[in-house]
Amino acid sequence: MSRISTLVIAVTPQEAADFFPEPVLSRIRSLGGTCHILDPGKLSPADYYRELATIDPDVLVTCWSTPPLPAEPPPRLRYVCHVTGGVRQLITRAHLERGLILTNWGGSISRVVAECALLLALAALRRAGRWIPAMHRDGGWRDAHPEGVSLFGRRVGIHGFGHVARELTKLLAPFGVAVGICAPEKDAAHYAAHGARRVATLDELLAGNDVIFELAPLTPATTGIVTERLLRLIPAGGVFVNVGRGKVVDEEALLRVAREGRIHVGLDVYATEPLPADSGFRGLPNAVLFPHIAGPTMERRCDAGAFTLRNLAAYSEGRPLEAVITPEVFDFSP
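Residues numbered from 1 in each chain as written. Predicted model: local features only at pLDDT ≥ 70, side-chain atom pairs only at ≥ 80, totals over all residues. Heavy atoms only, no water.

### Quick look at the side chain of Asp-58
Turning to step 1, where the next piece is worked out: Within the secondary structure, Asp-58 sits in the loop between α3 (45-55) and β3 (59-62).
Turning to step 2, where the next piece is worked out: Buried and unpaired, Asp-58 has Arg-76 as its nearest opposite-charge partner, separated by 4.4 Å.
Turning to step 3, where the next piece is worked out: Sequence-distant contacts of Asp-58, that is, excluding residues within four places in its chain, are made with Arg-3, Ile-4, Ser-5, Thr-6, Leu-7, Arg-76, Leu-77, Arg-78 and Tyr-79. (Helix = DSSP H or I, 4+ residues; strand = E, 2+ residues; numbered from the N terminus. Buried < 20%, exposed > 50% of the residue type's maximum accessible area, 1.4 Å probe, protein only. Lys, Arg positive; Asp, Glu negative; His and termini not counted. Salt bridge = Lys/Arg side-chain N within 4 Å of Asp/Glu carboxyl O. Contact = heavy atoms within 4.5 Å.)

### Considerations on the packing of aromatic side chains
Turning to step 1, where the next piece is worked out: Scanning all chains against the criterion turns up 6 aromatic pairs.
Turning to step 2, where the next piece is worked out: When the centroid spacing of 4.8 Å and the interplanar angle of 35° are considered together, the rings of Tyr-79 and Tyr-315 count as tilted. With a gap of 236 residues between them, Tyr-79 in strand β4 (residues 79-82) and Tyr-315 in helix α12 (residues 301-316) connect regions that are remote in the sequence.
Turning to step 3, where the next piece is worked out: Geometrically, the ring pair formed by Phe-161 and Tyr-191 is edge-to-face, given 5.2 Å between the ring centres and 80° between the ring planes. Here Phe-161 is found in the loop between β6 (155-159) and α7 (163-172), whereas its partner Tyr-191 is found in helix α8 (residues 188-192), with 30 residues between them in sequence.
Turning to step 4, where the next piece is worked out: Ring pairing ties together the aromatic residues Phe-19, Trp-64 and Trp-105, which thus form one cluster.
Turning to step 5, where the next piece is worked out: The ring of Tyr-315 has Arg-3 lying over it, and the distance from NZ or CZ to the ring centre is 4.2 Å. (Phe/Tyr/Trp six-rings, centres within 6.5 Å; stacked < 30°, edge-to-face > 60°. Lys NZ or Arg CZ within 6 Å of the ring centre and 35° of its normal.)

### Examining the sheet that holds strand β2 (residues 34-38)
Turning to step 1, where the next piece is worked out: Here we have 5 strands laid out as an open sheet, ordered β2-β1-β3-β4-β5, and parallel in their pairing. Edge positions in the sheet fall to β2 and β5 (101-103), since each of these pairs with one other strand and no more. This sheet shows a mean twist of 15° between the axes of neighbouring strands, independent of strand direction.
Turning to step 2, where the next piece is worked out: Of the pairings in the sheet, the one linking strand β1 (residues 6-10) to β2 comprises 5 bridges and is parallel in character. Counted as the bridge partner of Val-8 is His-36 from β2.
Turning to step 3, where the next piece is worked out: Packed onto the sheet, α3 meets β1, β2 and β3 and runs at close to 180° relative to β2. (Pairing = 2+ DSSP bridges. Axes fitted to C-alpha atoms, helices over the stretch in contact; angles between N-to-C directions.)

Taken by themselves, the reported measurements are silent on function.
This is the structure we're talking about:
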């Protein structure tokens, strides 16, 4: 018997089409009990809250457009299954402390994020930050400026070894790179199974590799852990890519080092988002910048939808959930 008696899916039609293409939506609706679909795009927040209170679901599916959960949620609500990543705009820590279960898209989008990380690295290696504006804006052409270098045969260091990093090692394999991982919670045998070696310290990771991927989770221990001293260990001409968390890096220090031109950077995340219009990173010829778009492209949002279906099915059957956001995880979630 399903544990779900009343389910509300609070997404816009476009979100439903992107994340829940058929037959996924029908399967979610069939998981048990009564299913209601609310379109936040057609309801004011006040109307949405009234509808939610009237339905009083035990499970709520949310997405980018869903209004924040009220301080006093419907009394029967037990589980919020968030289809995307960031949760702070949706609920508060107090909700979780009172026992509400929350999940997000977890590792379902990791391979797409890894793809973007690889793109940023390749673009930085080939000096795209200089050549793209030169070609489009300045009528430029090849000149005496160095043309860039290849990824093949390079030394690659990855800080952190979560879902994205594991997917990244797969994408790097065809390039024949030597991959080092700095994430002390794992042993050498674990990394060897992914074709990588364990690196004991960040000093060794940054000093000993040509391309650095920043993928460590944001925790009290990792906040600001990549300092100016460490960044200056990257070999001249090296590349620093961050698609993880902006606040893991001392961003002002990264800007100072990047301005000197010794290293090239590829960034998708920043300490302050949106990146301020007057940020010093803008216009740097040795910087390739993306506006936090490493997540799922439109046609791959279905991966997160399929993950949502698996979690909802697990909840309905009383099985463990994946990507649970505990109060401790919430503190360092976007």
